[in-house]
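# Examination of the molecular architecture
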Amino acid sequence: MSSVVETVTEMVTPILDEQNFELVEVEFTKEGKNWFLRVFIDKEGGIDIDECVYVSEKLSEKLDAADPDPIPQAYFLEVSSPGAERPLKKEADYEKALGDYVHVSLYQPVDGEKQYEGFLQSFDAEQLTLKIRIKTREKELTIERKNIAKARLAIQF
């Protein structure tokens, strides 16, 4: 984890705790010539725009007051909801996603594929099990957690 991500996580956590919001993820990334600091937040029932604005203003105040400046280069601050395709990072994310439709990207292919979508049936520290559909047949697929590059909720079409 980069030092910017760690610093921002430490700074935003008390703001979120006082509002009973959850920190989903902090990203600090360069896109083209611009840097973006993205803070994804959530709460039971979902987060609204006014709550994002509140957190953005409070975090911006803290970042501006910090000495030395934790982010010396120019950047854009974005505070938002993780959206319908929320990433699955923590154990609690997987717990909430049990029974839900998820998308999993892999480092190494399993049965010749590096991406799967299906219903999360179970998980533990070592692996997770998805119920996937191949044409008209349903199948349970077990994937080693160490092989998962990214996992997120997905919208089923």
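Residues numbered from 1 in each chain as written. Predicted model: local features only at pLDDT ≥ 70, side-chain atom pairs only at ≥ 80, totals over all residues. Heavy atoms only, no water.

Under an unreviewed UniProt entry, the name given to the chain is Ribosome maturation factor RimP, and the organism recorded is Enterococcus thailandicus. Listed in UniProt under the heading Subcellular location (unreviewed entry), the comment for the chain reads: "Cytoplasm". (UniProt positions renumbered as here; feature names shortened; annotations may be inferred.)

## Regarding helix α2 (residues 49–65)
An ideal rise of 1.5 Å per residue puts 24 Å on 17 residues; α2 measures up with 24 Å between its terminal C-alpha atoms. All of the buried residues in α2 are E51, C52, V55, L59 and L63. Down the axis of α2, the sector holding all buried residues measures 95 degrees, keeping them to one side. Summarising the geometry of α2, the exposed residues directed more than 90 degrees from the buried face are I49, D50, E61, D64 and A65. Elements that come into contact with the buried residues of α2 comprise α1 (3–19), β2 (34–42) and β3 (76–80). Its side-chain oxygen 3.0 Å from the backbone nitrogen of D50, D48 forms the N-cap of α2. (Helix = DSSP H or I, 4+ residues; strand = E, 2+ residues; numbered from the N terminus. Expected span 1.5 Å × (residues − 1). Buried < 20%, exposed > 50% of the residue type's maximum accessible area, 1.4 Å probe, protein only. Arc of directions from axis to C-beta. Contact = heavy atoms within 4.5 Å. Polar contact = N/O pair within 3.5 Å; in protein donor to acceptor, adjacent residues only side chain to side chain.)

## Remarks on α1
For α1, spanning 17 residues, the distance from its first C-alpha to its last is 25 Å, which sits close to the expected 24 Å at 1.5 Å a residue. The largest bend along α1 measures about 30 degrees and falls at V12, with the proline P14 one to four residues further on. For α1, the complete set of buried residues consists of V4, V5, V8, M11, V12, I15 and L16. Buried positions along α1 lie against β1 (22–31), β2 and α2. Positive backbone phi, at 60 degrees, marks N20, one or two positions downstream of α1. (Bend = angle between axes of the 7 residues up to and from the residue.)

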